[in-house]
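# Tertiary structure, described
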Amino acid sequence: MDGHVSLSRVAMRFGDFTAIQPTSLEIESGEFFSFLGPSGCGKTTLLNMISGFLTPSEGCVAIGGTDMTRVPVNRRPTAMIFQNLALFPLMSVYQNIEFGLEVRGIDRHKRRARADELLELVALSGSGDKPVAELSGGQKQRIAIARALAVEPRVLLLDEPLSALDLKLRQHMRTELKAIQRKTGITFIYITHDQGEALTMSDRVAVMSEGRIQQIADPMTLYRQPQTDFVANFVGENNRFRGRVIAVDGEMATLDAGLPIPLIGHFSTPLRPGDEATLYIRPEQWRVGSADDQRLSLGGVIQTERFEGAWLTLEITLDHGPTIRAHVPHAVAGVNVEAELAVGGACRLDYSPNQAVVLASDEACPSSEEVVDVAATA
Amino acid sequence: MWQQLRNRFGVPLTMAIVSLMGIWLIVMVLLPQWQMVDYSFHPSLLPAERGGVKDVWSLTNYATFFNNEIHLAIFFKTIWSSVLVTGLTLIVSYPLAYYLAKVATPGQAALCLLLLIIPFWINEILRTFAWYIIFAFRGPLNELLFALGLIDRPIRFLNGDTGVLVGMVYAYILFMVFPLYNAIESLDTNQIRAARDLGAGWGRTHRRIVIPHAKPGIATGCIMTFMLAAGSYAVPSLLGSPGSRWFTQIIYNWFFEGGDWNQGAAYAFLLLVLCIVFVTVVMRVFKVGLGDIAK
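Reading guide: rules and limits
Residues numbered from 1 in each chain as written. Chains lettered and ligands numbered in written order. Predicted model: local features only at pLDDT ≥ 70, side-chain atom pairs only at ≥ 80, totals over all residues. Pairing = 2+ DSSP bridges. Helix = DSSP H or I, 4+ residues; strand = E, 2+ residues; numbered from the N terminus. Contact = placed C-beta atoms within 7 Å. Axes fitted to C-alpha atoms, helices over the stretch in contact; angles between N-to-C directions. pLDDT = per-residue confidence, 0-100. Buried ≥ 20, exposed ≤ 12 C-beta atoms within 10 Å, placed from the backbone. Nonpolar A, V, L, I, M, F, W, Y, C, P; charged D, E, K, R; others polar. Expected span 1.5 Å × (residues − 1). Arc of directions from axis to C-beta.

## Quick word on the sheet that holds strand β4 (residues 58-63) of chain A
Residues and elements named next belong to chain A.
- Taken together, the 4 strands give an open sheet; going across it, the order is β2-β1-β4-β5, and neighbouring strands pair in antiparallel fashion. Each edge of the open sheet is held by one strand with a lone partner, namely β2 (17-27) and β5 (66-67).
- Note that strand β1 (residues 5-14) and β2 share 7 bridges and pair antiparallel. What sits directly across from methionine 12, in β2, is isoleucine 20.
- Of the strands in this sheet, β1, β2 and β4 are in contact with helix α1 (residues 43-51), which crosses β1 at around 120°.

Spelled out as structure tokens, the structure:
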């Protein structure tokens, strides 16, 4: 059962509008792969090209090494879970799950046996005779998964299937989806605009914007080493410092961002002194300390403080600089958080240059093609 | 319901609406129907004899029908032909309705609907006459078939039921297309996509997904088309021949040529009963309620 998906230079145009720029991509068999991006970025179009609902304007789609570009949707070894699930409301749970098997001419007893097996997998044994309308949101979700798995697809395509569920259930279903994926070993291709979903479940994530893949990486790399401005801004929270590169040393770049001291950060995309660049520091990477802690290199004034449960969010206006956001734990060694980090008070802060990311600004930005090639060969 | 209406429109307007509806139902529907039923159970009498000794309830008018083999034959032929018209209209309308509801872009659908509706701005008699001309012995259809070499002598389309069937399918197609279109349009397109994705071909997708969903629409369309066909007068008069008479023509004859309104009323009542039976049967077969059809 080879669930390897290969897109070679696929593009999709609707009239003058280019929904997908030429894109190449390899998804390994048994991988949990996500497309993450805002609505309208082309991720659903890409999914529809893999499932066969759309034929690409250019390029090839291959599944398990076989060219599928012209194969109609009902003959592809894929199954889709729709955003609204699209269970058949006039049929019972059994009939829904068995539909794909019935189509394949499998006899009644085998169908029922397989349906029972799948109901067990999704922890809904015994509800086969219920009408679909009687199920709860989470149960419908599981039936949709069972129905798709019934046809033994090599690739399961999921189009934001959790977006209709409430938060608790959504988080629970993430774990469950991941468990099902491990158990079945099927390639999962997951579409979402929710980075939490993409980051928690996926082996690799492709971040998309305006019909281009911005970066493909495992969730950790994506978070720590974004390769484009879009990814740095879209995935997680980030503080941005725009400036000019004044020095480059190995993998570290020094940036003049108009602050009293130059900022240093790590870079992995081409960068030369004199380039316009942006340095990103995540809110949790700041070390915040009291105003008299001279080991910390930057100074600022705390504007607001918000209690978030596990941490505090501070908005700090840097001296001669912009306002940044920092996540601070309740207890910082050597600092009396309540007394010394009060709203209106001064503080000092710092970050470790290894964790900060420097990206060249727009013109020097690598095109999606290069990004894809880097990721595909990695 | 009274409460709801009163809250929305106030007492005077509600009274006006309800009484207008009442007057409409009683004066325009119930009373005439009742009078017709009453007529049908009385013998045809001279005005002077009405209310006299001869004016008694009787089933004579119905006996006339059941004793007349020709009328019985025409009655059953009308049922059969109307069923045929309904079936043909359904077959023609379904792909059209599906195309309009699920395939066409909004622009294409609007254009298509316009093209369908424009001919219906013309009077039914005139539209039927158009078919009369097309089907004529030396008419354009025969000319075309002849020119294409498909026939070597003209066909008499207007001799049997062909003309009547075609004319009726054309006359009532919209009454089938619209309910079907509404029903199919309300189907979530993802249902179709899901069926396809699970491996179903087009045939099975329609059989298992689209048609079951469209059932109320199919029932509505069939009921409307059947009732219009069974009650049609213009089409069979123009496109039929003496050999393909419709039951409505017999009713017409009783009223306006035989001058026997009582007999005509009995025949008309039988047609009404037939239609009610048909509606009931169709609702049973399609397992739909009145509420589904009214949607």
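Structure shown, so let's carry the discussion forward.
## Re the confidence of the model for chain A
- Here chain A averages 88 in pLDDT, while 94% of its residues score no lower than 70.
- Scored below 50 in pLDDT, residues 364-378 of chain A makes 27 contacts in the model with residues more than four places away or belonging to other chains.

## Some words on the sheet that holds strand β9 (residues 204-209) of chain A
All names here are of chain A.
- Spatially, β6-β7-β8-β3-β9-β10 is the arrangement adopted by the 6 strands of the open sheet, whose pairing is mixed. The outermost strands of the open sheet, each flanked by one partner alone, are β6 (78-81) and β10 (212-217). Between one strand axis and the next, the sheet turns through 20° on average, direction left out of account.
- Strand direction decides the pairing type here: β6 and strand β7 (residues 155-159), joined by 4 bridges, are parallel. What sits directly across from threonine 78, in β7, is valine 155.
- Strand contacts of helix α4 (residues 137-150): β6 and β7, with the helix running at about 170° to β6, the strand carrying the most contacts.

## So, the environment of A:Leu349
All names here are of chain A.
- The residue leucine 349 is located in strand β19 (residues 346-350) in this model.
- For leucine 349, a count of 22 C-beta atoms within 10 Å translates into the label buried.
- C-alpha separation for the pair leucine 349 and aspartate 249, spaced 100 residues apart in sequence, amounts to 24 Å.
- Those residues in contact with leucine 349 that lie beyond four places of it in its chain are Trp286, Arg287, Val288, Gly289, Leu296, Leu298, Gly300, Ile316 and Ala326.

## Some words on the interface of chain B and chain A
- With 15 residues of chain B at the contact, the number on the chain A side is 16 residues.
- Residue assignment for the side of chain B that touches chain A shows that the elements contributing at least two residues are α9 (189-197) and α10 (202-230) of chain B.
- Classifying every residue of the side of chain B that touches chain A by side-chain character gives 5 nonpolar, 5 polar and 5 charged.

## Here's the deal with helix α5 (residues 167-184) of chain A
Residue and element names in this part refer to chain A.
- Taking 1.5 Å of rise per residue, the 18 residues of α5 would be expected to cover 26 Å, and the 26 Å separating its terminal C-alpha atoms lies within 8% of that figure.
- Those residues of α5 that fall on the buried side of the exposure criterion are Met173, Leu177 and Gln181. Each buried residue of α5 lies within a common arc of 75° when the element is viewed along its axis, so the set occupies one face. Residues of α5 that are exposed and point more than 90 degrees away from the buried face comprise Lys168, Thr175, Ala179, Arg182 and Lys183.
- Buried residues along α5 sit against β3 (32-36), α4, β8 (187-192) and α6 (195-201).
- Remark: glycine 185 follows α5 within two positions and exhibits a positive phi of approximately 70°.

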